[in-house]
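Chain and residue survey
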Amino acid sequence: MEPDGRPDPIAGGDAESDTAPEMIIAEHVPQFCSFRRTQDDLPCSERLRDSNASKDILTRQFIYQDLHHWIGRMYARPDVEEYFDKYPDKSIDGKVMHDIWDGSILQNFNGPDGQPFMQPSRNEGRLIFGLNVDGFNAHGTSNSGKALSIGGMYMVCFNLPPELRYSAENVYLVGIIPGPDEPSTSEVNHVLRPLIDGLLVLWQEGIYLSRTTKHIHGRLIQAALVPLICDLPAARRVSGLGAHSFRLFCSECKLTQLKINELDSSKWEGRTREEHCQHANAWRNAKTPLEQKKLFQKHGIRWSELLRLPYWDPTKHIVIDSMHGFYLRMFNRHIREIWGMKVTLKDGNGLVGPDCANLDKKDAIKGEQMLRFGSGHQLSSLQELVLRYLCHLHELPFNGSKATLLKSLELFVCV
């Protein structure tokens with residue numbers, strides 16, 4: 001701390017003159033991992049160092065870039081500081097949204113003092129970040145059969161305009177997760193921990209930059225991480241939620257797989273941050289892995305380091321997987337091919353029924369009887385056209401394979 005009680009200053013000098021963080025010295029790392037998943041569990045005991053004739057080397061090393069140092073380097077650039085200080089003055093009009101600032105989450109985001117976070121005093125700086133975690137095959141996507149998963153953790157600062165926000169020189173590379181396999185379920189918390197430590201400092205007291213291009217006497221900087229922007233598997237793993245195939249498949253409501261076709265939002269019981277944290281803490285404090293497993297099977301929630309941030313809400317801050325949804329046209333396929341919805345239907349409800357012109361009336365009646373009184377084996381013996389007719393009759397998705405139609409009808413009967 002400084003004599004006046006301010007946090008330790010971080011020089012905002014020339015980015016090229018800053019030295020990179022020191023590499024971990026293998027001699028200072030224990031030979032075996034002592035981490036315990038639960039209080040009564042045995043230590044991990046995985047080997048952390050490989051010894052050879054010349055020196056000790058780490059089996060795997062997570063490379064992390066200090067967030068506070070990165071902010072200091074960014075504020076050393078006069079063009080960037082100018083953008084950082086321009087709060088996106090947006091108003092919600094309920095019409096077209098062009099940027100994340102047009103939404104209500106950032107518009108209504110308050111700081112530790114309960115006041116709007118993005119309305120600081122003149123000498124303070126406030127930053128909002130978004131986090132992405134993703135993996136890739138280091139050997140490329142060739143058919144050689146080799147698979148080496150390397151993970152990247154990135155953050156973007158939403159204070160920058162969209163045309164600059166995603167430029168390589170403006171993206172904060174948080175860290176590189178070593179292979180050969182990606183972290184599974186709660187293991188990702190180990191690589192999240194140093195980032196969350198840095199974010200907590202930025203939220204609670206901030207960091208003091210000894211000098212910036214606009215403030216020669218220094219300024220206080222505070223920051224927050226709000227949206228988690230990942231594909232669906234990574235988002236669930238990082239946030240501590242179950243996979244999309246889990247019984248409780250949604251991050252915002254408690255709808256189950258049996259009621260996945262329920263489109264009336266008034267029947268969706270919403271999740272809350274308080275309840276989520278209660279289940280996550282219970283999972284973390286479980287005494288045995290078996291107890292953790294039972295808790296997860298019941299609630300579909302594990303502990304995530306993101307929950308250490310007092311403002312981060314897993315029910316509101318996980319962004320829809322836009323890459324697969326929009327750019328890879330999954331929404332288009334789901335709506336048109338699986339749900340069979342089109343805007344060309346004259347009655348205006350968008351549902352185009354199956355072509356049942358060739359369906360015999362006797363087959364239709366037999367299908368209805370099988371659905372009500374028959375077994376699953378008898379139902380599977382029906383023609384695919386009959387199954388489509390039955391799905392459409394009961395307002396179920398009627399496109400897709402025969403197996404998909406049977407699954408929808410079986411779930412309908414169970415409900």
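In the block above lies the structure referred to throughout.
Residues numbered from 1 in each chain as written. Predicted model: local features only at pLDDT ≥ 70, side-chain atom pairs only at ≥ 80, totals over all residues. Heavy atoms only, no water.

The next point concerns the sheet that holds strand β4 (residues 124–137). Taken in spatial order, the six strands of this open sheet run β3-β6-β5-β4-β8-β7, and their pairing is mixed. The sheet is open, and its two edges are formed by β3 (63–64) and β7 (207–209), each paired on a single side. Strand direction decides the pairing type here: strand β5 (residues 149–157) and strand β6 (residues 172–177), joined by five bridges, are antiparallel. Paired with Met-155 across the two strands is Tyr-172, which belongs to β6. Here helix α5 (residues 189–204) sits on the sheet in contact with β3, β4, β5, β6, β7 and β8 (219–228), set at roughly 130° to β8. (Pairing = 2+ DSSP bridges. Helix = DSSP H or I, 4+ residues; strand = E, 2+ residues; numbered from the N terminus. Contact = heavy atoms within 4.5 Å. Axes fitted to C-alpha atoms, helices over the stretch in contact; angles between N-to-C directions.)

A few words now on the pattern of salt bridges. Summed over the entire model, instances satisfying the criterion amount to 14 salt bridges. Residues Arg-126 and Glu-124 are paired through a salt bridge, measuring 2.9 Å at the closest nitrogen-oxygen approach. Several salt bridges converge on common partners, so that one network encompasses Glu-81, Glu-82, Asp-85, Lys-214 and Arg-219. (Salt bridge = Lys/Arg side-chain N within 4 Å of Asp/Glu carboxyl O.)

Take a nonpolar patch on the surface next. A cluster of nonpolar side chains, namely Val-319, Ile-320, Met-323, Phe-326, Tyr-327, Leu-328, Met-330, Phe-331 and Ile-335, defines an oily patch on the protein surface of about 940 Å² accessible area. At the level of elements, α9 (322–327) and α10 (330–338) are the ones that each hand at least two residues to the nonpolar patch. The residue Leu-328 is located in the loop between α9 and α10 in this model. Residue classification places Leu-328 among the exposed positions, given a relative accessible area of 52%. (Patch = residues over 30% accessible without salt bridge, like charges linked within 9 Å, V, L, I, M, F, W, Y side chains within 5 Å. Areas by Shrake-Rupley, 256 points an atom, 1.4 Å probe, with all protein chains shown as cover. Buried < 20%, exposed > 50% of the residue type's maximum accessible area, 1.4 Å probe, protein only.)

This part covers the nonpolar core. Counting 62 residues, the largest nonpolar core has Ile-71, Ile-128 and Phe-129 as the members making the most contacts within it. It is α5 that contributes the most residues to this core, eight residues altogether. Met-370, Val-386, Tyr-389 and Cys-391 belong to the second-largest nonpolar core, a separate cluster that totals 16 residues. (Core = buried A, V, L, I, M, F, W, Y, C linked by side-chain atoms within 4.5 Å.)

Summed over all chains, the structure comprises ten aromatic pairs. For the ring pair Phe-109 and Phe-117, a centre distance of 5.7 Å and an interplane angle of 75° mean the geometry is edge-to-face. As far as burial versus exposure is concerned, Phe-109 and Phe-117 are alike and both buried. Centroid distance Trp-203 to Tyr-311: 4.3 Å. Interplanar angle 45°. Geometry classified as tilted. With Trp-203 in helix α5 and Tyr-311 in the loop between α8 (289–299) and α9, this pair connects stretches of sequence that are 108 residues apart. According to the relative accessible area criterion, Tyr-311 is buried, its value standing at 11%. (Phe/Tyr/Trp six-rings, centres within 6.5 Å; stacked < 30°, edge-to-face > 60°.)

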